[in-house]
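Given next are the chains, with one letter for each unit.
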Amino acid sequence: LTLFEGAPELASGLFVEGLILRKVNMSRCEKGNILIVGSGIVGRSWAMLFASAGYRVILYDTVHQQVTCAIENIRQQLNELERNGNLRGTLTSKEQMVLISTCSNLAQAVESAVFIQECVPENLELKRKVFQELDDLMNDDVILSSSTSCLLPSKLFSDLKHVKQCIVSHPVNPTYYIPLVELVPHPETHPAVLERTYMLMKDIGQSPVKLAKEIDGFVLNRIQYAIIGESWRLVKDGVLSPDDVDLVMSAGLGMRYAFMGPFETIHLNAEGLKNYCERYDEGMQRVLSSFGPVPEFSGEVMEKINQTMSQKTSPNPESLNARRLWRVSHLAALAKLKSDNK
């Protein structure tokens, strides 16, 4: 498998509109280095994913102590995943750990990388500063990818010399169990970069989607915010309690959507999607036209929802972390179920 499989016109390794397309062999012993810039939760998750697929990973951070802590945390996570039978890939936890190293010299780390995944905090100025530094160090071959969840590529990458090699690869938390990755190109991103990144994500076991163009909020958050907005209005209008709104999702829509999306769902709920639209077009438009304005996520309604959520899980670090661990264990079970039933 190569980064050009399925795209033979890209496999020559020659210049295409000024961009070098180096053929990267994906056999385990020849996989290139992946540079992770930022060793927080997101960076650690990416490191584990790439190592699970046999890639050599270099973890870089300006704070040496954080990198040291990250390596130990990754080691503990991989060992626990192996004990629980949830370790991804065919390599053992020790074999995967051997593939992950640290580097304190950014120039040296960039020199050996075929793909750079930025994972610094969600701050535009900080990210632009990091990208400018990487832009000065990288060659015409490496792909520069950002983990940003909401910052548009046009705001992140404009004015960079290597803008054609830049892309957003937005993961979903917790990344190890939720495979979706949103690939969002800059208007000048070369199509080959999008294809190479897509194939790389597939190779590490993720489920990438390719956005044809950038859009505020990307896609997952636009859909998520639509759900949050209507859920908020239902509480505000006294239709349902916050607990019952959550129940509609967890015991209703969420069970469907864990295995198929909205289009396939309506396709199966009638004699095909076209038949569904013919039957329910009028009703859908009537209901959608009744949706209220974008809510203010503050005030009395926010206090009411917050009180309900706080009664379920107290907003202190210990309780929140315990509930997050509960979520991770259930997501792990769901991920295994989905994998076993492909």
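Scroll up for the structure.
Quick summary incoming for the structure in this document. Keep in mind that this is a model prediction, so the values were computed, not measured.

### Some thoughts on the pairing of strand 10 (residues 207–210)
(1) Moving on: Summarising the sheet, strand 9 (residues 180–185) and strand 10 pair through four bridges and their orientation is parallel. Residue leucine 180 lies in a different strand from strand 10, and its bridge partner there is serine 207.
(2) Moving on: Read as a crossover between parallel neighbours, the route from strand 9 over helix 7 (residues 191–203) to strand 10 is right-handed.

### With respect to the packing of aromatic side chains
(1) Moving on: Tallied over the full model, the rule gives seven aromatic pairs.
(2) Moving on: Ring centres of tryptophan 46 and phenylalanine 50 lie 5.6 Å apart, and the angle between their planes is 25°; this geometry places the pair in the stacked category. Here tryptophan 46 and its partner phenylalanine 50 are both found in helix 1 (residues 41–52), four residues apart, which amounts to about one turn of the helix. Of the two residues, tryptophan 46 and phenylalanine 50, neither departs from the other in class, the shared state being buried.
(3) Moving on: Arranged with centres 6.1 Å apart and planes meeting at 55°, the rings of phenylalanine 50 and phenylalanine 115 form a pair that is tilted. Separated by 65 residues along the polypeptide, phenylalanine 50 in helix 1 and phenylalanine 115 in strand 6 (residues 113–118) bring together distant segments of the chain.

### Remarks on the packing of helix 1 against helix 2 (residues 64–83)
(1) Moving on: In the contact formed by helix 1 and helix 2, the axes pass within 10 Å of each other and the chain directions differ by 50°. Comparing their axes, helix 2 and helix 1 come out oblique. As helix 1 packs across helix 2, the resulting crossing turns out to be right-handed. Mapping the contact onto sequence places Arg44, Ala47 and Met48 in helix 1 and Gln66, Cys69, Ala70, Asn73, Ile74, Gln77, Leu78 and Leu81 in helix 2.
(2) Moving on: Residues belonging to the contact of helix 1 with helix 2 are distributed by class as follows: seven nonpolar, three polar and one charged.

Conventions used here
- Residues numbered from 1 in each chain as written.
- Predicted model: local features only at pLDDT ≥ 70, side-chain atom pairs only at ≥ 80, totals over all residues.
- Heavy atoms only, no water.
- Pairing = 2+ DSSP bridges.
- Helix = DSSP H or I, 4+ residues; strand = E, 2+ residues; numbered from the N terminus.
- Right-handed = clockwise from strand over helix to strand, strands pointing away.
- Phe/Tyr/Trp six-rings, centres within 6.5 Å; stacked < 30°, edge-to-face > 60°.
- Buried < 20%, exposed > 50% of the residue type's maximum accessible area, 1.4 Å probe, protein only.
- Axes fitted to C-alpha atoms, helices over the stretch in contact; angles between N-to-C directions.
- Parallel < 35°, antiparallel > 145°, perpendicular 65-115°, else oblique.
- Left-handed = near helix turned anticlockwise from the far one by under 90°.
- Contact = heavy atoms within 4.5 Å.
- Nonpolar A, V, L, I, M, F, W, Y, C, P; charged D, E, K, R; others polar.

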